[in-house]
Amino acid sequence: MKDADAFADSRPVTAQPGWRRALSHLLLIAASVGMLYPVLWMLASSFRPEAEIFSNFTVWPDSFDPRAYVEGWTALKVSFTRFFLNSALVASAAVIGNVVACSFAAFAFARLNFRFKRVWFALMLGTLMLPYHVTLIPQYVLFLHLGWVDTFLPLVVPKFLAVDAFFIFLMTQFFRTIPRELDEAAMMDGCGPFGIYWRVILPLSKPVLATAAIFSFIWTWDDFFGPLIYLNDMAHYTVPLALRSFIDSTGRSEWGPLFAMSILSLVPVFAVFLFFQRLIIQGIAMSGLKG
């Protein structure tokens, strides 16, 4: 009997009681509903007549009228097809630029030895605390003299110069978790630094590369300030700028088409995030294993 009591006392503590788990789940569900309510209301309002949008706050429309989607797609001087293509082009170029350039810089910080390496790494991290607006005017003057204003180049070219310090830091931390013995084995097989980067580091870094690609796509797709500064011709507008065009100078708006196009603009972001969310979590989690 004493042995049985001792065994019972030595058993690991079980999880929290059922009522606590149920309460925590209810709180999480309530918080999720609170965060999703604006999106669900906007979705329902996109199917409502204009007069009922701000008089009905339920998330289920009384009738499903898709005319707002048809009207919104062609409401501006340029079709929304062009705006979606512009956003897709800029976002895709930003993804490629960030993944390539930031992975090169991260490989240098994680694997190569050069003078003042720690100093450059600290300066790179310091740029994370530098507000975007501080560099806005010098960048605009530079791009204006280059003749790049009202083109996609100011939104794309900097991505190929490793300007996103967050992704460099994230990749550097991940690359440091890869054993250096693999580098030594590759060097014995005749690989140089680029061979190690291409044949060893990149194949083992899919989670962090996917994380950088996904965040680059989402942040670029949702970016409003950058296109607002550099793009003037409506034919060059991205989706966020096009949505702003539904509101005129007096503040009046066609709310039905605006909500309809806003819902469509969220579809690529939701699709990318839901499809790759496991890689996002894996990439961020593994990047913090080793300092």
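Relevant structure appears above.
Residues numbered from 1 in each chain as written. Predicted model: local features only at pLDDT ≥ 70, side-chain atom pairs only at ≥ 80, totals over all residues. Heavy atoms only, no water.

A. Up close: the packing of aromatic side chains. Within this structure, the stated rule accounts for 31 aromatic pairs. Where Trp 41 meets Phe 57, the ring centres are 6.3 Å apart and the plane angle is 15°; that geometry is what we call stacked. Placement of Trp 41 in helix 2 (residues 18-45) and of Phe 57 in the loop between helix 2 and helix 3 (67-73) is noted, with a sequence separation of 16 residues between them. Here Trp 41 falls in the buried class, since its relative accessible area comes to 12%. (Phe/Tyr/Trp six-rings, centres within 6.5 Å; stacked < 30°, edge-to-face > 60°. Helix = DSSP H or I, 4+ residues; strand = E, 2+ residues; numbered from the N terminus. Buried < 20%, exposed > 50% of the residue type's maximum accessible area, 1.4 Å probe, protein only.)

B. Representation of the packing of helix 4 (residues 80-111) against helix 8 (residues 165-176) in the model. At a minimum axis distance of 8 Å, the contact between helix 4 and helix 8 shows a crossing angle of 50°. Of the possible angle classes, the one that applies to helix 4 and helix 8 is oblique. Relative to helix 8, helix 4 is oriented so that their crossing is right-handed. Contact residues: Asn 98, Val 99, Cys 102, Ser 103, Ala 105, Ala 106, Phe 107, Phe 109, Ala 110 and Arg 111 in helix 4; Phe 167, Ile 168, Met 171, Thr 172, Phe 175 and Arg 176 in helix 8. Class assignment for the residues of the contact of helix 4 with helix 8 results in 11 nonpolar, three polar and two charged. (Axes fitted to C-alpha atoms, helices over the stretch in contact; angles between N-to-C directions. Parallel < 35°, antiparallel > 145°, perpendicular 65-115°, else oblique. Left-handed = near helix turned anticlockwise from the far one by under 90°. Contact = heavy atoms within 4.5 Å. Nonpolar A, V, L, I, M, F, W, Y, C, P; charged D, E, K, R; others polar.)

C. Unusual backbone geometry, seen in detail. A positive phi angle, near 60°, is found at Phe 116, a position not held by glycine. Summarising the element assignment, Phe 116 is placed in the loop between helix 4 and helix 5 (117-126). The backbone phi angle of Asp 150 is positive, close to 70°, even though this residue is not glycine. By secondary structure assignment, the location of Asp 150 is in the loop between helix 6 (136-146) and helix 7 (153-156).

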